Amino acid sequence: MSARLHAAPKVVRLESLPLDCGESVVVVELDSVPGRGWAKALKRVLAETEGLESTQLRCDGRFAYLIGVELDQRGTAQRINQALAAASERTGSGASAVAPAAAMPAAAVAAPPA
C-alpha cells in the first residue's frame, strides 16, 4: 500500500462581498476541491487567528467562504493569506495555498464602495 498525500488546494482568487445583514464574506476560489482535512485545519487556524476568531467557514466545491470577516480591520488580507497557508502546512502537503501576489491584489479583499 502506498500512502498518497493530497496536495493542498492553491488559491486562484479572493473576493469580498457585503452581505445584507451588514457582515462581509470573503470568497476564496481554489484550483481544486479541498479535502476534509484541509477544511478542518483552516477552521482551526481561523479560530486561533486574531481578528478572524468569529469567522465561519463554508466550503462548496472549489470555493471556500469566510463569513463574518471584518474588512475594516487593518491587515485582514494578510491574516487571511497566512491562515490559508497555515491550513496547507497543517495538512502536511508542504505546499503553500497562497496565490502569487499578482493574483491577489490587496484591493481584492477590500469592501466595495457603498
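Numbering of residues starts from 1 in each chain and follows the order in which that chain's sequence is written. Residue-level local features of this predicted model are given only where pLDDT is at least 70; pairs of side-chain atoms are given and counted only at 80 or more, and the full residue set underlies all totals for whole chains, interfaces and linings. Values reported for side chains reflect all heavy atoms of the structure, with hydrogen atoms and water molecules removed beforehand.

**Points about the overall build of the chain**
Helix and strand content of the chain: two helices and four strands. Order of helices (α) and strands (β) in the chain, N terminus to C terminus: β-β-α-β-β-α. Relative accessibility thresholds used throughout: buried, under 20% of the residue-type maximum; exposed, over 50%; partly exposed, between the two (1.4 Å probe, protein chains only). For the chain, the proportion of its 114 residues judged to be buried stands at 38%. Intrachain contacts of the chain at a sequence separation of at least 6 include 58% that bridge at least 24 residues. When the accessible surface of the chain is split by element, carbon and sulfur atoms take 52% of a total near 6,900 Å². Only DSSP runs of H or I reaching four residues or more are called helices, and only runs of E reaching two or more are called strands; each is numbered from the N terminus. Residue contacts follow a heavy-atom distance rule, with two residues in contact if any of their heavy atoms lie within 4.5 Å. Note that accessible areas follow from Shrake-Rupley with a 1.4 Å probe, and for residues the cover is restricted to the protein chains shown.

**Remarks on the sheet that holds strand S1 (residues 11-18)**
When DSSP finds two or more bridges between two strands, those strands count as paired. The strand order across the open sheet formed by four strands is S1-S2-S4-S3, and the pairing between neighbours is antiparallel. Sheet topology places S1 and strand S3 (56-60) at the edges, where each strand pairs with a single neighbour. Between one strand axis and the next, the sheet turns through 20° on average, direction left out of account. Each axis is a line fitted through C-alpha atoms, and for a helix only the stretch in contact is used; angles between axes span 0 to 180 degrees, taken between their N-to-C directions. With respect to the sheet, helix H1 (residues 36-48) is in contact with strand S2 (24-30), S3 and strand S4 (63-67), its orientation differing from that of S3 by roughly 160°. The strands touched by helix H2 (residues 76-90) are S1, S2 and S4; relative to S1, the strand with the most contacts, the crossing angle is about 135°.

**Structural notes on the side chain of Arg79**
Positionally, Arg79 belongs in helix H2. By the counting rule applied here, Lys and Arg register as positive and Asp and Glu as negative, while His and the ends of each chain are not counted. The salt bridge definition used is simple: a Lys or Arg side-chain nitrogen within 4 Å of an Asp or Glu carboxyl oxygen. Within the buried set, Arg79 has no salt-bridge partner at all; the shortest N-O distance to an opposite charge, 6.3 Å, is to Glu50. Every residue in contact with Arg79, bar those within four places of it in the chain, is listed here: Thr49, Glu50, Gly51, Leu52, Gln73 and Arg74.

**Description of the environment of Pro34**
Looking at the secondary structure, you find Pro34 in the loop between S2 and H1. For Pro34, a relative accessible area of 15% corresponds to the buried category. For the pair formed by Pro34 and Gly61, sequence separation is 27 residues and the distance between their alpha carbons is 7.6 Å. If we skip the residues at most four places from it in the chain, Pro34 touches Pro9, Cys59 and Gly61.

**A word on the confidence of the model for the chain**
With 75% of its residues at a pLDDT of at least 70, the chain reaches an overall mean of 79. Confidence scores per residue from the predictor, reported as pLDDT, run from 0 to 100. A low-confidence stretch, residues 99-114 stays under pLDDT 50, and its non-local contacts, those more than four residues away or across chains, total 21 contacts.

**Points about the nonpolar core**
Val26, Val28, Leu42, Leu66, Ile80 and Leu84 are the most contacted members of the largest nonpolar core, which has 22 residues in total. Considering each element in turn, this core owes the most residues, six residues, to H1. To form a nonpolar core, buried Ala, Val, Leu, Ile, Met, Phe, Trp, Tyr and Cys residues must be joined to one another through side-chain atoms within 4.5 Å.

**Regarding the pairing of S4**
Residues of S4 alternate between two faces, with Ala64 and Leu66 buried on one and Phe63, Tyr65 and Ile67 left unburied on the opposite face. Bridge count between S3 and S4: five bridges; the pairing is antiparallel. When the sheet's bridge partners are listed, Gln56 is paired in S4 with Ile67. Here S3 folds back onto S4, and the loop between the two strands holds two residues, one of which, Gly61, carries a positive phi near 65°.

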